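Observations on the model geometry
Now for the letters of each chain:
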Amino acid sequence: ATDRVGGRARTDTELFGRPFDMGAGWLYRPGAAPLAALGRSAGLDFYDGPSSARLYLQGKEASDAQYEDFVGTVRRAERAIIAAGDAGRDLPAAQVLPDLGPFGPSAHFIAGPFTCAKDLKEVSSVDFSRAAERDGVVFCRQGLGTLLEKLAAPLSVRHGVEVRSIDLSGRRVSLKTDHGTLTARVVILAVPPSIITSGKLRILPGLVPRYRDAIARITLGAYDHIAFTLEGNPLELGADELIHFRAQGPRAYALVARMGGSDLYSLEVGGPLAAQLAGSKTADAVAFVKEALAREFGSAIAAKAGRIYRTNWTKAPFALGAFSCALPGAGNLRRALTELVSGRLLFAGEHAHETLWGTLGGAWASGTRAADQAIGVIAGATGAQQGQ
């Protein structure tokens, strides 16, 4: 439907004169391996990110004791949610947390908006518990959007064609587009659930409750990058370092510093705050960055911030959100999105992976799975015709 491949993985090279991943920017292990291997074969440069995040308090790096308290608090929060999910208690993740102490708001941010793009009140404890541990980060120097464009180069792709409906009622699947109608034996639907629930794409004559519920309750949250330049490395940080701060309330954020070793930084916002900023004026996002920098590092650093650009995934017409996390009570519904529907429809995307949801690796793995299933459908149909 758009003018490019990649969906929510998009690399811009014009805004800051270097690659800037506007959507997915990190490849998490273990899902990173297949994409990184293909990317290296295509001539792209991949490298490991820092092994851990850093914590800053009032402009200075935290002491060892403060850092241990911070990490321990986050881990207690994660363990409590995972324990509830593993026990089959599909509850709002916020409901199962113990008293977390001074770093509680930071733990709420990291486990919720930063990891799930939602407040923990809107996160299924079961879905959270099933997520694979993200064991390290791999970066592509040219950007993940560039990676997908490179891998898609041999394919014949029609851009600017919007599918309005998929009709499963006939012998063959019928896809009505704004450029005519297509028919096929099987279709792989790799669009976010939000596009279906919004009515932009209809599935006819309608899905049975199992699939309808999965699409309705595995929803996309809000997550955006507010990128800015800061020349000369005044904070003396390493390349691609992730910085956390002591959150004081719901307006929490993280900082990615010196992306690719450059002067480009990104303030990471998620959940209700990202949704709020998405609905505000650009000037509000600029003011938010400068206020955050002044709060954490002083007004002199805030004054050095150069060009500021905010992504806006909840407003992107063919995304309507950042990445998925199941609502409370819906933690067992992702499996429906891995199944063959009516013998001819398959789902793909990060929302259609039970353990790697919210990641590009999960989206890629789901596509591989759907492609294998589609080949099986076609091979079965061909075999049946030959048998006749």
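Our subject is the structure that appears above.
Only a predicted model underlies this, so the values are computations on that prediction, with no experimental measurement involved.

Thoughts on the sheet that holds strand E9 (residues 173–177)
In spatial order, the strands read E10-E9-E8-E12; together these four strands make up an open sheet with mixed pairing. The open sheet is flanked by strand E10 (180–184) and strand E12 (202–204), the only strands paired with a single partner. Adjacent strand axes in the sheet meet at a mean angle of 20° when their direction is disregarded. Bridge count for strand E8 (residues 163–167) against E9 is four bridges, and the pairing is antiparallel. In the sheet register, Ile166 faces E9, and the bridge partner there is Leu175.

Description of empty space enclosed by the protein
The method is simple in principle: a probe with the dimensions of a water molecule rolls over the atoms, and the space it marks as empty is what remains. All chains considered together, the criterion is met by two cavities of 30 Å³ or more. Empty space within the largest cavity amounts to approximately 70 Å³. If you go around the largest cavity, you meet 13 residues; those closest to its centre are Tyr28, Ala132, Arg134, Leu356 and Thr359. Residue classes in the lining of the largest cavity are distributed as six nonpolar, four polar and three charged. Considered as a void within the structure, the second largest cavity measures approximately 30 Å³ in volume. Surrounding the second largest cavity, Phe245, Tyr253, Leu255, Leu267, Ala292, Leu293, Glu296 and Phe297 form its lining. Broken down by element, the residue count for the lining of the second largest cavity peaks at four residues, all from helix H9 (residues 282–297).

Criteria and cut-off values
Residues numbered from 1 in each chain as written. Predicted model: local features only at pLDDT ≥ 70, side-chain atom pairs only at ≥ 80, totals over all residues. Heavy atoms only, no water. Pairing = 2+ DSSP bridges. Helix = DSSP H or I, 4+ residues; strand = E, 2+ residues; numbered from the N terminus. Axes fitted to C-alpha atoms, helices over the stretch in contact; angles between N-to-C directions. 1 Å grid on protein atoms, 1.4 Å probe; cavity = no way out; pocket = protein on both sides within 12 Å on 5 of 7 lines; lining within 4 Å. Points joined across faces, edges and corners; volume = space filled by probe spheres on them. Nonpolar A, V, L, I, M, F, W, Y, C, P; charged D, E, K, R; others polar.

Everything listed is a geometric property; what it means functionally is a separate question.
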